[in-house]
Amino acid sequence: MRTPTGQATTDVLRGTLELLILRTLSLEPMHGWSITQRIQQLSSDALQVGQGSLYPALQRLEQKGWLGSDWELTEQNRRVRVYRMTRSGRAALKEETASWRGYVAAVESILGAT
Amino acid sequence: MMRDAIRGRIRQLRALFRKPSVERDMTDEFEFHIRMQTEQYVREGLSREEARRRAMVAFGGMDRYKEGVRDSRWTRVIEDIASDVRYAARGLRRNPGFTIVAVLTIAIGIGATTAVSSMLNSILLRPLPAVSQPERLFDVSESRSGMSSDMLGYRAVEWLRYEKYATATAQVWSGLAARRYVGFSLATESGAVAINGSLTSRNYFDVLGVRPALGRFYSEGDDFPVVLGYALWSSRFGSDPGVIGTTIRLDSRPFTVIGVAPPDFIGLTVGIRSDLWAPMPDYWAGGASGTPDWVAVVGRLRSGVELPEASAIVQAAAVNIEPEQTWTTVRGATLAPVTGIPVMARTGFNAFLGMLFATAALVLLIAAGNVAGMLLARSAARGREIAIRLAIGVGRRRLVRQLLVESTVLFLIGGVGGILLAFWLTGVLTRSIPALPATVAVDVSPDLRVLAAALVAAAITGIVFGLAPALRSARADVMDALKRGGGRIGTRSRGRSAFVAAQFAMAVLLVVTGGLFVRSLRAALDTDVGFDPGGVVAATINLRPHGYEGDRIAAFWSNLLERVRAVPGVENVGLADWGLMFGPTNGSDVQSSEPGWTEQNRTNARFNSVDPGWLDLMRVPIIAGRAFAVSDNESSPAVILVNETLASRLWPDLDPIGRTIRFNARDWEVVGLTRNGKYSTIGEQPTAMLFFPWAQWRSSDATLHVRSGLGAGRLIEQLRVELAAIDPDIGLENAAPASAMVGLSLFPQRFAAWLIGGFGLAGLILAMIGVYGVLAFDVERNTREFGIRGALGARTMQLVGAVVLHGVLVAAAGTAVGLLLAAGATRFAGTFLYSVAPLDPLTFGVAAALMLAVAAVAAIVPARRASAIQPIEALRTD
């Protein structure tokens with residue numbers, strides 16, 4: 001996929017999307033679009049979140065009780081849904097991060113072993 | 001943490017009920033996203049329109065994401081099924097003909113199975129609701145050689161013997177109780193009323209663990225206590241709680257009412273209601289003559305004692321306790337679980353109910369098969385619709401589920417119809433039970449458990465039988481279906497034909513079984529019972545509990561007969577020890593007492609004692625010799641009548657008149673020979689019967705028989721009046737037309753013939769619908785072929801013939817298989833059939849002919865349709 005500016009990007013791996021969302025929201029509550037922007041920005045445009053997976057993922061996380069959401073009004077008086085992290089979300093983030101790191105380290109040690 | 005998760009789910013559940021706003025939220029959220037993206041692109045230097053377009057493209061189809069979001073909700077399944085149900089309901093409404101036939105078909109199947117299940121439920125599964133832990137209760141069932149005494153299907157022992165059992169096997173039981181059914185006479189202001197009740201041991205209610213609805217049960221120190229049945233308490237005592245402590249007059253003696261039994265306790269036999277209970281020792285101490293009676297014994301196992309151990313101890317006790325009658329030997333005793341069905345009737349009963357259930361299940365199977373066929377035809381007819389749905393991206397799984405929901409909805413509606421049918425059917429069955437010589441109270445109407453089971457069965461059948469059509473439809477090739485116009489989706493007529501043939505096979509099984517039972521009923525109705533019950537009323541009078549003895553007994557009977565004879569309209573009066581068709585269940589071995597005949601010629605015979613009037617009144621045919629005369633009295637020589645069976649067993653090929661039988665320390669001379677008759681049931685084997693003259697063999701209880709021009713009701717009223725004039729404490733028991741007694745003995749045959757015959761008829765009709773369905777579908781599918789053949793000059797008759805032939809061939813194949821199945825299966829019904837062989841060729845032949853005829857008739861409508869197809873119409877359909 002290419003952005004309008006022509007940069008090459010990578011689609012976020014399916015399993016890691018939820019982790020990235022949690023991480024992003026751990027900074028501050030934000031709406032869907034800013035989450036994609038933030039992920040792109042934090043990964044220096046290396047990762048691109050497809051909208052098609054973002055919203056279902058948000059829905060799933062909310063269902064697990066890791067996220068909550070509220071409707072707020074923007075300065076232009078538009079309704080916008082803002083997602084925020086719950087306490088169990090914070091705990092889940094910790095766990096998921098640890099398990100991701102463990103996974104990466106394991107994969108890395110195999111790759112490095114050759 | 002858990003709270004967060006729950007809150008998340010609850011929010012979604014709530015969303016289910018305010019779906020429009022949830023959808024709006026989604027639209028808003030995605031709109032906002034695109035707007036933000038557009039701003040971003042504008043900032044990157046694109047024109048506003050271009051930015052908007054790109055943002056939209058980048059986002060992709062909004063609906064797809066909405067679907068994704070919807071999918072990620074756990075409530076998704078409910079939403080989908082709800083929409084499937086709505087869709088199914090719309091589809092069914094749009095096609096009322098299909099829906100009505102399908103629903104009726106299912107209703108018949110579910111109705112039949114529910115009615116039978118309901119009977120099974122109330123008779124086998126919840127027979128004794130008021131008894132605590134009935135699985136720890138056991139009947140002591142003794143077997144003896146030389147004689148036996150049966151009490152409504154239970155083996156009975158003498159009261160004294162019961163007491164000895166209680167002592168000898170005390171370590172096994174937490175309590176051993178005894179009971180017997182008896183008729184009581186309850187004195188009222190307008191004469192005595194007969195009441196069916198039980199005499200029991202004092203510990204009876206304690207052993208059963210029943211709790212009184214009012215008052216208490218027997219305890220030490222009660223004098224002449226009596227417990228009222230709930231039904232009697234409400235009908236005769238107006239449900240007055242004040243009845244406790246009052247005195248009632250029972251069998252000429254005062255008893256004190258101490259309690260009322262709960263409404264769901266009627267005794268230990270399903271359907272046979274006791275209305276009153278009294279302790280046996282008190283009852284006999286109260287002045288009734290004779291020794292305490294035969295009783296059936298039931299015990300509750302002591303906790304910790306298991307059945308094998310208990311059986312061994314009871315068996316040992318049975319052999320060790322001296323019999324009261326020294327001329328019998330006790331072979332042993334077994335413990336039989338208390339189930340509400342009398343021990344001796346249990347095997348036959350269970351087999352009968354099992355057979356009913358199997359036939360009902362067949363009806364359901366055929367019905368469900370029919371509906372599956374209809375669904376298949378319907379989905380084929382809807383091929384184009386299904387193809388379009390597949391083409392626009394409805395997943396096959398979703399489609400299958402949708403079709404399954406449709407068939408399940410159909411079966412559930414049919415299931416509700418079936419439940420209504422079952423209520424009606426069980427109501428009819430309950431009302432069809434004739435008056436018994438006991439109060440019958442059996443409620444076989446479905447309870448909640450049965451209703452729930454019926455709905456679950458309907459739903460499961462819907463899924464199972466909806467699955468094949470649904471899978472077939474979903475397998476359809478989209479392009480093919482659209483091209484051909486939807487006529488050919490996954491339907492091969494050969495498969496459907498095999499299906500219908502299978503239905504026919506099952507229907508043949510039902511029709512043959514039903515036919516056998518109908519023939520059995522006919523045979524029973526045509527049976528010569530050996531007497532003429534028409535216009536005769538019978539009523540039993542029992543003097544024994546009222547303290548009559550010796551000469552008073554003789555005086556009572558002659559007084560009564562005289563009074564009844566004087567009633568205007570009465571033609572003839574007779575007296576018999578046993579009323580017919582509730583005839584003697586006790587018998588004994590008898591032997592010829594002439595020299596050279598002893599020992600080798602013994603046979604078991606039943607006895608009855610009758611007066612001359614009775615033989616005349618019942619029109620008992622005397623084949624040889626003479627009937628009894630008034631001159632056969634106490635002082636004249638002892639004489640008897642024998643029937644053909646007894647004569648041929650004792651003196652094969654010899655004239656029985658003038659021969660003698662030794663019995664009760666007397667020689668009895670045979671003066672007459674009677675034709676064989678039926679004495680207890682229509683279905684009984686030829687029974688050896690011996691009649692004593694009433695004057696020489698009197699008993700304290702007898703059945704009065706009266707032939708009159710009066711109606712039964714008026715005559716019975718008059719008999720009550722005459723009886724009350726002699727002794728107001730004595731009630732008239734089981735007063736009924738003699739023909740009703742014959743009717744009662746026909747009841748099993750009648751019941752089986754109506755129910756199983758009805759199932760057979762249902763099977764026949766359903767099979768007919770089945771073959772009609774497959775042919776109609778075939779003709780519809782092959783419209784073009786028929787049209788072209790018509791255009792090419794095929795004669796109407798040829799086309800009709802082809803279709804009819806197809807139908808008959810399918811039916812013939814099924815019928816052949818069905819006849820083979822029936823030949824194997826009907827032998828299980830053999831024991832219930834009366835004078836009809838399980839392989840009765842007539843029944844099998846008629847059933848086969850009937851099935852083929854039905855197939856031919858069912859084929860006519862589609863055949864005419866085939867012949868009426870215009871070539872132009874055929875070309876237009878595709």
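Quick caveat: nothing in here was measured; it's all calculated off a predicted structure.

A closer look at a positive patch on the surface
- A cluster of basic residues, B:Arg86, B:Arg90, B:Arg93 and B:Arg94, forms a positive patch on the protein surface.
- As for its position among the elements, B:Arg86 is in helix α5 (residues 76-94).

Points about the pairing of strand β1 (residues 137-145) of chain B
Residue and element names in this part refer to chain B.
- For β1, the tally of buried residues reaches seven of nine residues, placing the bulk of the element in the interior.
- Pairing analysis gives four bridges linking β1 to strand β13 (residues 294-301), with the strands arranged antiparallel. What sits directly across from Val140, in β13, is Val297.
- Examined bridge by bridge, β1 and strand β14 (residues 329-337) share eight bridges and lie antiparallel to one another. Within β14, the residue paired with Val140 across the bridge is Leu335.

A word on the side chain of B:Asp84
- Within the fold, B:Asp84 resides in helix α5.
- Residue contacts for B:Asp84: discarding those within four places in its chain leaves B:Arg398, B:Arg401, B:Gln402 and B:Val405.

Concerning the confidence of the model for chain B
Residues and elements named next belong to chain B.
- With 88% of its residues at a pLDDT of 70 or more, chain B shows a mean pLDDT of 83.
- Throughout residues 485-492 the model reports pLDDT below 50, and contacts reaching past four residues in sequence, or to other chains, amount to 21 contacts.
- Across the assembled chains, the prediction reports ipTM 0.78 with pTM 0.72.

Focus: the pattern of salt bridges
- This model, assessed by the stated rule, comprises 29 salt bridges over all chains.
- We note a salt bridge from B:Arg675 to B:Asp528, for which the minimum N-O separation is 2.5 Å. Placement of the pair is B:Arg675 in the loop between β23 (666-674) and β24 (689-693) and B:Asp528 in the loop between α17 (493-525) and β16 (536-542), with a sequence separation of 147 residues.
- Several salt bridges converge on common partners, so that one network encompasses A:Glu18, A:Arg60 and A:Lys64.

Comments concerning the environment of B:Gly787
- Its place among the elements puts B:Gly787 in helix α23 (residues 783-791).
- The spacing of B:Gly787 and B:Ala866 is 79 residues in sequence and 7.9 Å in space, taken between C-alpha atoms.

A word on the confidence of the model for chain A
- Averaged over all residues, the pLDDT of chain A equals 79, while 83% of them reach at least 70.
- Taken together, the stretch residues 1-9 of chain A has pLDDT below 50 and engages in 19 contacts with residues farther than four places along the chain or on a different chain.

Let's talk about the packing of aromatic side chains
- Applying the stated criterion across every chain, the model contains 28 aromatic pairs over all chains.
- Ring geometry for B:Phe205 and B:Trp277: centres 5.7 Å apart, planes at 75 degrees, overall edge-to-face. With a gap of 72 residues between them, B:Phe205 in helix α8 (residues 204-208) and B:Trp277 in strand β12 (residues 276-279) connect regions that are remote in the sequence.
- You can call B:Phe205 buried: its relative accessible area is 2%.
- With centroids separated by 6.1 Å and ring planes inclined at 40 degrees, the aromatic side chains of B:Trp614 and B:Phe691 adopt a geometry described as tilted. You can see B:Trp614 sitting in helix α19 (residues 612-617) and its partner B:Phe691 sitting in strand β24, a full 77 residues away along the chain.
- Members of the aromatic cluster, connected to one another through ring pairs, are B:Tyr204, B:Phe205, B:Phe217, B:Tyr218, B:Phe265 and B:Trp277.
- Sitting over the face of the ring of A:Trp71, A:Arg79 holds its NZ or CZ atom 4.2 Å from the ring centroid.
- Across the ring face of B:Phe828, the terminal group of B:Arg827 is positioned such that the distance to the ring centre comes to 5.1 Å.

Topic: helix α25 (residues 841-868) of chain B
Residue and element names in this part refer to chain B.
- With 28 residues, α25 should reach 40 Å at 1.5 Å per residue; the first-to-last C-alpha distance of 41 Å fits that figure.
- Of all the bends in α25, the greatest reaches close to 35 degrees and is centred on Ile860; the proline Pro862 follows between one and four positions later.
- Burial in α25 covers these residues: Thr843, Phe844, Ala847, Ala848, Met851, Val854, Ala855, Ala858, Ala859, Pro862, Ala863 and Ala866.

Looking at helix α11 (residues 307-320) of chain B
- For α11(B), with 14 residues, the first-to-last C-alpha span of 20 Å sits near the 20 Å given by 1.5 Å per residue.
- Check the buried side of α11(B) and you find it contacts β1, α7 (159-168), β5 (173-188), β13 and β14 of chain B.

The rules behind the values
Note that residues are indexed from 1 along each chain, following the sequence as it is written. Naming scheme: in the order in which they are written, chains are lettered from A and ligands are numbered from 1. Reporting of local features is limited, given that this is a predicted model, to residues whose pLDDT is at least 70; pairs of side-chain atoms are given and counted only at 80 or more, and all residues count toward the totals for whole chains, interfaces and linings. Processing note: side-chain calculations cover all non-hydrogen atoms of the structure and skip hydrogens and water entirely. A patch consists of residues whose relative accessible area exceeds 30% and which take part in no salt bridge; residues with like charges are grouped when within 9 Å of each other, and nonpolar side chains (Val, Leu, Ile, Met, Phe, Trp, Tyr) when within 5 Å. Residue burial considers only the protein chains on display, and all accessible areas are found by Shrake-Rupley using a 1.4 Å probe. When a carboxyl oxygen of Asp or Glu is within 4 Å of a side-chain nitrogen of Lys or Arg, the pair counts as a salt bridge. Note that His is not counted, nor are the chain ends; the positive residues are Lys and Arg, and the negative ones are Asp and Glu. By convention, the charge on Lys lies at NZ, on Arg at CZ, on Asp at CG and on Glu at CD. Secondary structure elements are taken from DSSP: a helix is a run of H or I of four residues or more, a strand is a run of E of two residues or more, and numbering for both begins at the N terminus. Here's how the labels work: a residue is buried when its accessible area is under 20% of the maximum for its type, exposed when over 50%, partly exposed in between, all with a 1.4 Å probe on protein chains only. Between any two strands, pairing holds if DSSP finds at least two bridges. Contact between two residues is taken to exist if any of their heavy atoms lie within 4.5 Å; hydrogens are not considered. The predictor attaches a confidence to each residue, and that confidence, scored 0 to 100, is pLDDT. Between rings of Phe, Tyr and Trp, where Trp is taken as its six-membered ring, a pair exists when centres lie within 6.5 Å; planes separated by under 30 degrees are stacked, by over 60 edge-to-face, and by other angles tilted. Definition used: whenever NZ (Lys) or CZ (Arg) falls within 6 Å of the ring centre and also within 35 degrees of the ring normal, the charge is taken to sit over that ring. For a helix, the expected span equals 1.5 Å multiplied by the residue count minus one. Fitting axes to the seven residues ending at a residue and to the seven starting there, one defines the bend at that residue as the angle between these axes.

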